[in-house]
Amino acid sequence: MQSQYDVIIVGSGAGGGQSAYTLTMAGAKVLMLESGRNYDPIKETPMFQIDANAPLRATSTPDKPMGFYDATIDGGWAVPGEPYTNASEDPDRRFTWWRARMLGGRTNHWGRISLRLGPYDFKPHQRDGLGFDWPIAYEDLAPYYDKVEMLVGVFGSNEGLENAPDSSPGVLLPPPKARAAELLAQQRAKKLGMPVVPIHRAVLSVRQDAERLPALLHPGNPKAQRILADAMRSRAACFWATSCGRGCAIKANYQSTTVHLPPALATGNLDIVTGAMVREVAVNDEGKATGVIFIDKATGLEHRAKGRAVVLAASSCDTVRILLNSKSAQFPNGLANANGLVGKYIMDTVGTELAGQIPLLESLPLHNEDGAGGSHVYVPWWLYREQLAGKLGFARGYHIEFHPGRQMPGLGITANLDDITGGSFGRKFKEDARRYYGSFVNFGSRGEMIPNEDSFCELDPVVKDKWGVPVLRFHWKWSDHELRQVTHAQQTFAQLIEAMGGKVRKPPAENPLKAIRPGGNVKHEVGGARMGDSSKSSVTNRWGQTWDVKNLFLGDAASFCSNADKNPTLTIMALAWRMSDHLLEELQRGNLT
Amino acid sequence: MNREKKSPMNRRAAIKWMLTVAASAALAEEQIFGAAVDTPAHRASGYGTDPDLLKSYKPGDLWPLTLTDEQRRTAVALCDTILPADGTSPAASAVGVPEFIDEWISAPYPNHDRDRGVILEGLAWLEAESQRRFGSDFAGLILRQKNSLCEDIAHVATAAPERKKAAQFFKRYRDLTAGGYYTTPEGMKDIGYVGNVPLASFDGPPPEVLRKLGLA
């Protein structure tokens, strides 16, 4: 660690990784602080391991809540020594918070679904009078979506659909072919008026064009072009095996640790310190950030890191926590919180699932449909017109993801098969298992939550973590919009399953509170420090630069104003790139000192 | 409570089990199901939040196992009644499924404590019922007898009221047996999973699949 940097970045995931990449490629000296341990996916990813090699057939435990082979290290719904609290005992009002304590954060395990926000998604209030508009429009972010997609590698197709923007020509990689159940759904969904199109995921379906892309991404910067070309050449295309949630040793999918950090390190401009838990942003008498104060987790000792600018990208709620804990005489409510908005309007994605059994898919000729380790197609939200006409009873949409059943068998592979077989065992059970394997399809919706006054986080007045730092206390409430959306999705899944000639495994939920995933459970928590046009009604300006401290920037999803049904990671990266470009300009102009 | 003893059941449950077995009388489920089962005296810790993912683990590597020789004999026989060898694939016990179930019920996590109770009590019920009906331990029965005993508890929805708990045990045991089995290489091959191999290209479903689905 050097005594002074241009920029201190807190966090190494999608936002921190992208910020470090953009800043170091442009020549800025950057220190990245990560609270978790160092992590090398090339050496540590369990490629090809089967569940029988793992304890308990790799199923979920409190130590590894998404299963033994999930890439998350030292994380999950509970992190030892780092509690969080809920204000309500009511199970419907509780928030669950997934954290990872590792280099690359949650980018190591995520689903790689990479959907752009569309024009409506930036101006939701204009459209239906609910929530908040962003201070930027789709056109502001579109060039950055192109850049991020070219950098990380995203497969998909341009379908010209309403509010699901096309990428520029030559940006997307070709989508993989659809699987059997996906094709069947596509055929049968047509009569329900639902489009089934290739999904966009950050997986290299083919290798990246290392000759063409670097010059497009870094015009006039031969060093950056050379470094990026080398980085792209080091990534292999997907070999159509091994779930993406384990991470990827051949770098075929995007994770910060394989895509953002190696080229950033190759510039010689990036230092990374792991095991560094940032407690607060340090400020001077003029109210400028001078760096951060962090705890070395190995020793428990406090250290200071100094920079001309600070980027918080600790994941939205941890970013909020750092701001609220950065209290001083000058900033008694925490940093960038003069208007009291820090922690307000946190959102998750609305999620619900329903499974069906499809007789047509029984006893199919054997074939390998591992594919790109996740969905190949999806149903983008398709009822804009009906919604605008007031026919749905809820605002904002959802998309549908599919999980066909010919994946590598896990422990639950024949669970509850007795519902269908009447309880077979012996030789008959083996025949039944062969017959029904692959005939189950699980449908999941991922929908928009509208920010509300009852969903926020604040510092717990009592509880502290093991280093004595106050922790977050969450408040949560779904509105009728989300609950009605869930009911609609459940009914839609049932229709779709029926249209495929199948039967639902259980009836669609009548009480949406029983079917909605709990707050935070989809792990798309965003907001808490939203951007806006005015210092009165927002925490940052349109660049992610805080109104109150002009050399303090937010590089993660904390600045989101809404949470469309498009999974947030791609937008986090596009915003971080745009924020970093602005930060560089401000640095060059001398505006930050 | 005696922390020294090796038996996974507490004294009360064990005595009940023996009395019931000896009596050969009509078996009341309540005598066995719901009797408290101890958590292991030597409470192990889990594998932690940062385990080695590349290593291969075997039952017993991470925490001590539970089943006594007698219980294991019953467990093996039940696994193989549920998944016997056939022309296509081996029996469950040939690919380590009973050991997996032992690992499962011995694991130091809350959900596993619940299954530990269900399965130890269920195995005890099975032995008692086997003695009552056939005067033999379960493993010593001929296939027809084993099947006849299992048929009564094979489906929770249709099981007689006095066998509901035994049927719930059987359902859980079948799910664990089958899950343990189909996650092995032999089981994956049997069920028809042909992936987890690197491919140069992903070509989608073959023509015969598309024809069968009416999508060709």
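Look above for the structure.
1. Digging into the overall build of chain A
Counting its secondary structure elements, chain A contains 17 helices and 18 strands. For a compact globule of 593 residues, the expected C-alpha radius of gyration is about 25 Å, and chain A comes in at 23 Å, within 12% of that figure. When each of the 593 residues of chain A is scored for burial, the buried share is 64%. In chain A, of all internal contacts separated by at least 6 residues, the share reaching a separation of at least 24 is 73%.

2. Section: the pattern of salt bridges
For the coordinates displayed, the defined rule picks out 42 salt bridges over all chains. In this structure, Glu302(A) and Arg279(A) form a salt bridge, with 2.2 Å as the shortest nitrogen-oxygen distance. Of this pair, Glu302(A) sits in strand 8 (residues 302-312) while Arg279(A) sits in strand 6 (residues 276-283), and the two are 23 residues apart along the sequence. Overall, the relative accessible area of 46% leaves Glu302(A) in the partly exposed class. By relative accessible area, Arg279(A) is classed as partly exposed at 21%. Sharing partners across several salt bridges, the network here consists of Glu129(B), Arg132(B), Arg133(B), Asp152(B) and Arg163(B).

3. A short note on the interface of chain A and chain B
Interface size is commonly expressed as the accessible surface area that is lost when the partners come together. The partner chain B presents 73 residues to the 72 residues of chain A that form the contact. When the buried surface of chain A facing chain B is broken down by residue, Leu56(A), Phe425(A) and Lys430(A) rank first, second and third, together holding 13% of it. Counting across the chain A and chain B interface gives 6 salt bridges. Between Arg434(A) and Asp86(B) there is a salt bridge, and its shortest N-O distance comes to 2.9 Å. Remark: the boundary between chain A and chain B carries 30 residue pairs in polar contact (both at pLDDT 80 or more).

4. Side note on the packing of helix 2 (residues 69-82) of chain B against helix 5 (residues 143-151) of chain B
Helix-helix packing: each pair is described by the crossing angle between the helix axes and the interaxial distance. Residues and elements named next belong to chain B. The N-to-C vectors of helix 2 and helix 5 enclose an angle of 85 degrees; their axes lie 11 Å apart at closest approach. As the angle between them shows, helix 2 and helix 5 are arranged roughly perpendicular. Residues Ala 77, Leu 78 and Thr 81 of helix 2 pack against Lys 146, Asn 147 and Cys 150 of helix 5.

5. A closer look at the sheet that holds strand 11 (residues 377-379) of chain A
Residue and element names in this part refer to chain A. The 6 strands lie next to each other as 4-11-12-13-10-16, forming an open sheet whose pairing is antiparallel. The open sheet terminates on both sides in strands that have one partner only, identified here as strand 4 (197-198) and strand 16 (503-504). With 2 bridges connecting them, strand 10 (residues 350-357) and strand 16 associate as antiparallel partners. When the bridges of strand 16 are listed, Gly 356 appears paired with Val 504. Sheet strands in contact with helix 15 (residues 480-499) are strand 10, strand 12 (398-404), strand 13 (440-447) and strand 16, and its direction is about 20 degrees off that of strand 10.

Calculation notes
- Residues numbered from 1 in each chain as written.
- Chains lettered and ligands numbered in written order.
- Predicted model: local features only at pLDDT ≥ 70, side-chain atom pairs only at ≥ 80, totals over all residues.
- Heavy atoms only, no water.
- Helix = DSSP H or I, 4+ residues; strand = E, 2+ residues; numbered from the N terminus.
- Rg over C-alpha atoms; globule rule 2.2 N^0.38 Å.
- Buried < 20%, exposed > 50% of the residue type's maximum accessible area, 1.4 Å probe, protein only.
- Contact = heavy atoms within 4.5 Å.
- Salt bridge = Lys/Arg side-chain N within 4 Å of Asp/Glu carboxyl O.
- Buried area = accessible area lost by both parts, 1.4 Å probe.
- Polar contact = N/O pair within 3.5 Å; in protein donor to acceptor, adjacent residues only side chain to side chain.
- Axes fitted to C-alpha atoms, helices over the stretch in contact; angles between N-to-C directions.
- Parallel < 35°, antiparallel > 145°, perpendicular 65-115°, else oblique.
- Pairing = 2+ DSSP bridges.

Distances and angles like these do not, on their own, reveal function.
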